[in-house]
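Listed below, chain by chain, are the residues.
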Amino acid sequence: MRHSRCTVVTASIDQMTFLHPVHLGDLVILKSQVNRVFRTSMEVGVKVWVENLHTTELRHTSSAYLTFVALDTRGNRVVLEPVIPETEDEKRRYEEAAGRRAYRLALKDKARNATGA
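Summarised in this report is the structure supplied together with it. (Residues numbered from 1 in each chain as written. Predicted model: local features only at pLDDT ≥ 70, side-chain atom pairs only at ≥ 80, totals over all residues. Heavy atoms only, no water.)

Reading across the sheet, the four strands line up as S1-S4-S3-S2 and stay open at both edges, with antiparallel pairing between neighbours. Only two strands of the sheet have a single partner each, and these edge strands are strand S1 (7–13) and strand S2 (27–38). Pairs of neighbouring strands in the sheet enclose a mean axial angle of 35 degrees, with direction left out of account. Judged from the 11 bridges that link them, strand S3 (residues 41–51) and strand S4 (residues 58–71) form a sheet pairing that is antiparallel. Of the residues in S4, the one forming a bridge with Glu43 is Thr67. Those strands touched by helix H1 (residues 88–115) are S1, S2, S3 and S4, and its axis lies near 80 degrees from that of S2. (Pairing = 2+ DSSP bridges. Helix = DSSP H or I, 4+ residues; strand = E, 2+ residues; numbered from the N terminus. Axes fitted to C-alpha atoms, helices over the stretch in contact; angles between N-to-C directions. Contact = heavy atoms within 4.5 Å.)

Time to look at the environment of Arg92. Here Arg92 lies in helix H1. A sequence separation of 80 residues divides Arg92 from Ser12, and the C-alpha atoms of the two residues are 21 Å apart. Here Asp89 takes part through its side chain, which lies 2.4 Å from a polar atom of the side chain of Arg92. (Polar contact = N/O pair within 3.5 Å; in protein donor to acceptor, adjacent residues only side chain to side chain.)

What follows deals with the pairing of S4. The two faces of the sheet receive side chains in turn, since in a regular strand these alternate between them. With six bridges joining them, S1 and S4 adopt antiparallel strand pairing. Residue pairing in the sheet places Thr10 in a bridge with Phe68 of S4. Hairpin connection of S3 to S4: six residues between the antiparallel strands, including Thr56 at a positive phi of 65 degrees.

As a further point, take the packing of aromatic side chains. According to the stated counting rule, one finds zero aromatic pairs in the structure shown. Cation over ring: Lys31 sits above Trp49, and NZ or CZ is 5.8 Å from the ring centre. One Lys or Arg, Arg100, reaches over the ring of Tyr65 and ends 3.6 Å from the middle of that ring. (Phe/Tyr/Trp six-rings, centres within 6.5 Å; stacked < 30°, edge-to-face > 60°. Lys NZ or Arg CZ within 6 Å of the ring centre and 35° of its normal.)

This paragraph deals with the environment of Glu90. Mapped onto the elements of the fold, Glu90 is located in helix H1. For Glu90, a relative accessible area of 26% corresponds to the partly exposed category. Once the C-alpha coordinates of Glu90 and Val34 are considered, the two residues, 56 residues apart in sequence, prove to be 9.3 Å apart. Setting aside chain neighbours within four positions, we find Glu90 in contact with Gln33 and Pro85. (Buried < 20%, exposed > 50% of the residue type's maximum accessible area, 1.4 Å probe, protein only.)

With respect to the helices, strands and loops of the structure, Asp26 is situated in the loop between S1 and S2. Within the local environment of Asp26, its side chain forms a polar contact with the backbone nitrogen of His23, the two atoms lying 2.8 Å apart. In this structure Asp26 touches Pro21, Val50, Glu51 and Asn52, once residues within four positions along its chain are discounted.

The subject of this paragraph is the pattern of salt bridges. Considering all chains together, one arrives at nine salt bridges under this definition. A salt bridge links Arg59 to Glu57; the nearest nitrogen and oxygen atoms lie 3.8 Å apart. Sharing partners across several salt bridges, the network here consists of Asp14, Glu43, Asp89, Arg92, Arg93, Glu96, Arg100 and Arg104. (Salt bridge = Lys/Arg side-chain N within 4 Å of Asp/Glu carboxyl O.)

See the structure below:
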């Protein structure tokens, strides 16, 4: 929502596997970045960290890619401002996001064809 400045809804979440447990009382920290904008949707990379507040141990516990779609107040899709990658890491994320999107769309098409929708 910070990038779009409007309501966004979650369209998809890629696989999320927890590498370490999150215990009751742990602090969960999420760090995210818009990797790429595709007209009305955007891919956001999220890293999940867990901090043990008693020991201050901090561990990366999960990562995922989420796709959000921007909507106006009537529920119509909104065209988003593009993201311009600047650093080498941002450029890599930007390019890799295109491949992940193609894969997601192919899976969605395959599922539609399997159900006859």
